[in-house]
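# Remarks on the overall topology
The lines below spell out each chain.
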Amino acid sequence: MKAFPTSARATLSCPPPAQRPPQAMRRTLALGLSGALLLAGALGCALGGGSARAGASAGVPRGPGGLPLPSTRAERTGHLETTSHAEVLGFLDSLVAMGAPLAISDLATSAEGRRVPLVVASRPRVSTPAEARALGRPIVYVQANIHAGEVEGKEAVLALLRDWSFGRRPNVLDSLVVLVVPIYNADGNEKLAPQARNRGAQNGPAQIGERPNGMGLDLNRDYIKAEAPESRGALAAFTAWQPDLFMDLHTTNGSYHGYALTYSPSLHPAAPLAPFTADTLLPEIRRRMKSRHDFAVFPYGNFTGADGREGLTATEKSGWWTYEHKQRFGTNYFGLRGGISILSEAYSHDPFARRVASTYAFVQEVLSYAAEQPAAIRRRVEQGTRAATLGTGSRASVAIRARFHSRPDTQPVLVERLERVADSTLQTEPGVPRGIRRTGVYAEQRMPVVDRFEAAESTTPAPHGYVFAAEWTKAADLLRAHGVRVDILPTAVTATVQVFEVDSVSMAARPFQGHREATVTGRWLERSRTIPAGSFHVPLGSSLDLLAVLLLEPRSDDGLLTWNHFDAALGKGREAPVARLLAPLR
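As the structure is a computational prediction, the values presented were derived from the model and not from experiment.

The rules we used
- Along every chain, residues carry numbers that run from 1 in the direction the sequence is written.
- Since the coordinates come from a predicted model, pLDDT governs what is reported: local features require at least 70, and pairs of side-chain atoms require 80 or more to be given and counted, while whole-chain, interface and lining totals use all residues.
- Think of the side-chain values as coming from all heavy atoms in the structure, minus any hydrogens and water.
- Numbering of helices and strands starts at the N terminus; helices are DSSP runs of H or I of at least 4 residues and strands are runs of E of at least 2.
- For every residue, the accessible area (1.4 Å probe, protein chains only) is compared with the maximum for its type, and the residue is labelled buried under 20%, exposed over 50%, or partly exposed between those bounds.
- Residues count as neighbours in contact if any of their non-hydrogen atoms are within 4.5 Å of one another.
- Surface exposure here means Shrake-Rupley accessible area, sampled with a 1.4 Å probe, where a residue is shielded only by the protein chains that are shown.
- Here the nonpolar core consists of buried residues drawn from Ala, Val, Leu, Ile, Met, Phe, Trp, Tyr and Cys, with membership extended through side-chain atoms lying within 4.5 Å.
- If DSSP finds at least two bridges between two strands, the strands pair.
- Helix axes are fitted only over the stretch in contact, all axes being lines through C-alpha atoms; the angle between N-to-C directions runs from 0 to 180 degrees.
- Here, a salt bridge means any side-chain nitrogen of Lys or Arg that lies within 4 Å of a carboxyl oxygen of Asp or Glu.
- For a helix, the expected span equals 1.5 Å multiplied by the residue count minus one.
- What pLDDT reports is the predictor's confidence in each residue, on a scale of 0 through 100.
- The rule is simple: put a 1 Å grid over the protein atoms alone, call a set of points where a 1.4 Å probe fits but cannot get out a cavity, call an open set with protein on both sides within 12 Å along at least five of seven lines a pocket, and count a residue as lining if it has an atom within 4 Å of a point.
- Grid points are joined across faces, edges and corners, and a volume is the space filled by probe spheres set on the points.
- Each residue receives one of three labels: charged for Asp, Glu, Lys and Arg, nonpolar for Ala, Val, Leu, Ile, Met, Phe, Trp, Tyr, Cys and Pro, and polar for the others, Gly being one of them.
- Here roughly perpendicular refers to angles of 65 to 115 degrees, roughly parallel to angles under 35, roughly antiparallel to angles over 145, and oblique to all remaining angles.
- Crossing handedness is read from the near helix: turned anticlockwise from the far helix by less than a right angle, it gives a left-handed crossing, and turned clockwise, a right-handed one.
- Whether two aromatic rings pair depends on their centres lying within 6.5 Å, for rings of Phe, Tyr and Trp, where Trp uses its six-membered ring; planes under 30 degrees apart make the pair stacked, over 60 edge-to-face, and the rest tilted.
- Criterion for a charge above a ring: Lys NZ or Arg CZ within 6 Å of the ring centre, and within 35 degrees of the ring normal.
- In this count, Lys and Arg are taken as positive residues and Asp and Glu as negative ones, while His and the chain termini are left out.

This brings us to the overall build of the protein. Of regular secondary structure, the protein possesses 18 helices and 23 strands. A burial count over the protein gives 57% of its 586 residues as buried. Taking contacts inside the protein between residues at least 6 apart in sequence as the whole, the part at least 24 apart equals 77%. Total accessible area on the protein is roughly 22,200 Å²; 52% of this is exposed by carbon and sulfur atoms.

The structure is reproduced here in structure tokens:
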């Protein structure tokens, strides 16, 4: 174990992120804008990546006080406040008026009637998927503010759009087409409330939006059921633009570690490019973040104890565990479409300014990696889409249920030591529980790093697709929203199929996102069936085959059956509505 005491840090001119006491950062920010301008060099060191960001923004117009034009609310207030929905739209309009190479449209209209802007950034300027594909470049989709209290992604991508547009040096806009959704949860962004209420484990800003959207839904649990207009807009954009790389920008929820940012690929074990992303791309980004920006980053996780929760003041942690593999999460979902998918999680206990800086640098480095080798990225994604294309007669095995990997790596993880204070009612810092004090002392502790999943149950997909009855129109509509092809049989046909005979049905005891999730057990039986005219047929043979299987298989742990689309047909001894075709339809 290697410890970094606070006293040792005082001798370093620009200490590594994991070695900086949060108290020193707060004192610097408390000086306000005038003090920060006088101490620009020190602040750049404190935030990390100062010189790299300054280089990226060289040539950007400046206003009074040296602020870039246009400026986000975070920049104008010394990172004391976050940008509103109206200010986001105004910022984008200003970029366009100044000649930025952007095309702005609407991804969706929120439940409360707000625009969710979609920005297309490229040199030369493009505004349609056809124009983007004609350039032959990788297409990247970057999304921020899906949880509206997690505000640094929004601020970072706005600044990046400005700096890319007006910086003097060639940058990613010359090699990529970049789609940016800076304020995905527009409704939640406007539900301002004290940070202690909306994001209890976060260090500012003082007033932030809330996690749910205007319908009360967690948008990062909505990618399969797609009940929110934002989700439907994202699915339509994925289908139209066919991005090669997806990034979703978040903020962590609480563990005290030594990393400015944590990351994850798609965690679903069936995602074709998850191994490349986890083992090749992200380790290189980790190296660049440290060498170029002095930001320590690590695979996403949280400390857990024997009871499944972190003991805040425990000196020894028993493990570092990632989140669920299920495709309801955006990063997991996109990986099943065959592309590169990356989750970014800024460190919630860093000051707001540093969280923006680390997110800015992470997005910049990931996109720079893609821009440096566009042909290789395109080839890699072609491999991913081929792997996701099961095709007629495919006998590939697909993981439909998963569990944490049974043999996790043991790695050193940076742990911050916390102490209890005499006054249990005292809050020592925003986002820190009362009666607890951060020490700024970190130690490397070896522990299991559980950041991968393996198949718990696999299946061989239908050789010739799936069929289900005409009454399930909502299921067919949802499949189409995902981009999956759904045909309607013009005439009745007799076919050899497999039907799933249900042995048991289990409904979750508690509702989740307005649903009681369903699970069935049973067995597949071969039968001859007459399939009526008007029935729905989902053929295989596209890059969305993998996704279609996970949506339609009755035993999938996050499919249409899970989200109650077929409840009326479920019961012991009954056949689940979706059948597998064993022979071509004639």
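Let us keep going from here.
Where a protein is soluble and globular, its nonpolar side chains tend to be buried together. Of all hydrophobic cores here, the largest spans 70 residues; its most connected members are Y141, F238, F468, L479 and V538. Counting residues per element, this core draws most heavily on helix α18 (residues 545-552), at 7 residues. The residues touching L479, leaving out its near neighbours within four places in the chain, are F468, V484, V486, V538, L551, L552 and L560. Core analysis: the second largest hydrophobic core is formed by 59 residues, V60, F295, V366 and V381 among them.

On to the sheet that holds strand β19 (residues 487-488), then. The strand order β19-β22-β18-β23-β20-β21 describes an open sheet built from 6 strands, whose pairing is antiparallel. Each edge of the open sheet is held by one strand with a lone partner, namely β19 and β21 (518-531). Summarising the sheet, strand β20 (residues 493-507) and β21 pair through 14 bridges and their orientation is antiparallel. Among the inter-strand pairings, V505 is bridged to a residue of β21, identified as V520. Taken strand by strand, helix α17 (residues 473-481) contacts β18 (466-468), β19 and β22 (536-538), and its axis lies near 30° from that of β22.

Moving on: the pattern of salt bridges. Counted under the stated rule, the structure contains 39 salt bridges. Between R328 and E517 there is a salt bridge; the shortest N-O distance is 2.7 Å. Of the two residues, R328 sits in the loop between β12 (320-321) and α14 (330-335) while E517 sits in the loop between β20 and β21, which places them 189 residues apart along the sequence. Within this structure, E150, R199, R211, D218 and R221 form a network of salt bridges that share partners.

Here the focus is the sheet that holds strand β8 (residues 245-251). Strand order in the open sheet formed by 8 strands is β2-β3-β5-β4-β8-β13-β9-β10, and the pairing between neighbours is mixed. What marks the edges here is a single partner per strand, and that holds for β2 (102-109) and β10 (297-299). The mean angle between the axes of side-by-side strands here comes to 20°, regardless of whether they run parallel or antiparallel. Where strand β4 (residues 139-144) meets strand β5 (residues 177-181), 5 bridges bridge the pair, whose relative direction is parallel. In the strand pairing of β5, Q143 is matched with V181. Contacts from helix α7 (residues 85-97) reach β2 and β3 (115-121), with the element oriented near 30° to β3.

Our next topic: helix α15 (residues 352-372). With 21 residues, α15 should reach 30 Å at 1.5 Å per residue; the first-to-last C-alpha distance of 30 Å fits that figure. Burial analysis of α15 places 20 of its 21 residues in the buried class, which makes it a mostly covered element.

Judged by how many residues are buried, α18 sits mostly within the fold: 8 of 8 residues are covered. For α18, the complete set of buried residues consists of D545, L546, L547, A548, V549, L550, L551 and L552. Each element contacted by the buried residues of α18 is listed here: α14, α16 (374-388), β14 (398-404), β18, α17 and β22.

With that settled, consider the confidence of the model for the protein. A low pLDDT score tells you not to read the predicted coordinates there in detail. Across the protein, pLDDT averages 90, with 89% of residues at or above 70. Predicted confidence is poor over residues 4-47, with pLDDT under 50, and the contacts of this stretch with residues over four places away or in other chains come to 72 contacts.

Within the structure shown, the criterion is met by 2 cavities of 30 Å³ or more. The calculated volume of the second largest cavity comes to roughly 40 Å³. Forming the boundary of the second largest cavity are L552, P554, L561, F566, A576, P577 and V578. Per-class residue counts for the lining of the second largest cavity are 7 nonpolar, no polar and no charged.

This next bit is on the packing of helix α9 (residues 152-166) against α15. Between α9 and α15, the shortest axis-to-axis distance is 8 Å and the interhelical angle comes to 55°. As far as their axial angle goes, α15 and α9 are oblique. Crossing hand, α9 versus α15: right-handed. From α9, E152, G153, E155, A156, A159, L160, D163 and W164 reach across to α15, where they touch F352, R355, V356, T359, Y360, V363, Q364 and L367.

Let us now look at the side chain of S344. With respect to the secondary-structure elements, S344 resides in strand β13 (residues 340-346). In this structure S344 touches D248, L249, H250, L261, T262, T359 and F362, once residues within four positions along its chain are discounted.

As paired elements, β20 and strand β23 (residues 579-581) share 2 bridges and run antiparallel to each other. Residue pairing across strands places V497 opposite L581, the latter belonging to β23.

The next point concerns the packing of aromatic side chains. Aromatic ring pairs: the centre-centre distance and the angle between the two ring planes describe each pair. Applying the stated criterion across every chain yields a total of 20 aromatic pairs. Here the aromatic rings of F298 and W320 are separated by 6.1 Å at their centres, their planes lie at 65°, and the arrangement is edge-to-face. Taken together, the residues F298 in strand β10 and W320 in strand β12 connect sequence positions 22 residues apart. Note on accessibility: F298 and W320 belong to one class, buried. A centroid spacing of 5.0 Å and a plane angle of 70° characterise the contact between Y323 and F329, whose relative ring orientation is edge-to-face. Looking at Y323, the relative accessible area reads 16%, which means it is buried. These aromatic residues form a ring-pair network of at least three members: Y141, Y223, F238, F246, Y333 and F334. We note K225 situated over the ring of W563; from NZ or CZ to the ring centre the distance is 5.6 Å. The ring of W524 has R580 lying over it, and the distance from NZ or CZ to the ring centre is 3.8 Å.

Turning next to the side chain of E155. Structurally, E155 is set in helix α9. Lacking a salt bridge, the buried E155 has K154 as its closest oppositely charged neighbour, with an N-O distance of 4.1 Å. If we skip the residues at most four places from it in the chain, E155 touches T72, A74, T82, T83, F352 and V356.

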